[in-house]
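The residues making up each chain are set out below.
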Amino acid sequence: MYAVLETGSKQYRVAAGDTLEVERLAVEAGQPFTFDRVLMVNNDGKVTVGTPTVASASVVADVVEHIRGEKKLTFKMKRRKGYHKSIGHRQELTVIKIKEIKA
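Conventions we followed
Residues numbered from 1 in each chain as written. Predicted model: local features only at pLDDT ≥ 70, side-chain atom pairs only at ≥ 80, totals over all residues. Heavy atoms only, no water. Buried < 20%, exposed > 50% of the residue type's maximum accessible area, 1.4 Å probe, protein only. Helix = DSSP H or I, 4+ residues; strand = E, 2+ residues; numbered from the N terminus. Pairing = 2+ DSSP bridges. Axes fitted to C-alpha atoms, helices over the stretch in contact; angles between N-to-C directions.

Visitor: So what exactly am I meant to see when it comes to the pairing of strand β5 (residues 38-43) here?
Guide: Successive side chains on a regular strand alternate, one facing one side of the sheet and the next facing the other. Within β5, five of the six residues are buried, leaving the element largely enclosed by the surrounding structure. One ladder, built from four bridges, connects strand β1 (residues 2-7) with β5; its direction is antiparallel. By the bridge assignment for β5, Leu 5 is matched with Val 38. Pairing between β5 and strand β6 (residues 46-49): four bridges, direction antiparallel. Its bridge partner lying in β6, Asn 42 is registered against Val 47.

Right, dumping it as structure tokens:
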């Protein structure tokens, strides 16, 4: 059984027991979190596709920890002007472990 859920404007295919990194959630580490925006559920070959979400489906996950992603570096430059600038960014992430899929 697996489901496709949406969080942080991204879609993830998850099954029970999966661990994944999503954009930062406003939940403390060790607490459960329920995802209500479930777009699709596959229950042993029986596929349910939502319009846009499946009405009765939800995904329950445990928040493992909050981390920061690797540093992304960008470089801005305007030729012949002497302008150059280096910019770094680290995304705030939450590590979650999927407990169960309710469909």
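Let's pick the thread back up.
Visitor: Where do I start with the sheet that holds β1 in this structure?
Guide: Sheet strands pair by backbone hydrogen bonding; their relative direction is either parallel or antiparallel. Spatial strand order, β2-β1-β5-β6: four strands in an open sheet with antiparallel pairing. This sheet does not close on itself; its edge strands, each paired only once, are β2 (10-15) and β6. Direction aside, the axes of adjacent strands within the sheet are offset by 15 degrees on average. Sheet topology places β1 next to β2; six bridges connect them, and they run antiparallel. Pairing of Leu 5 across the sheet is with Tyr 12, part of β2.

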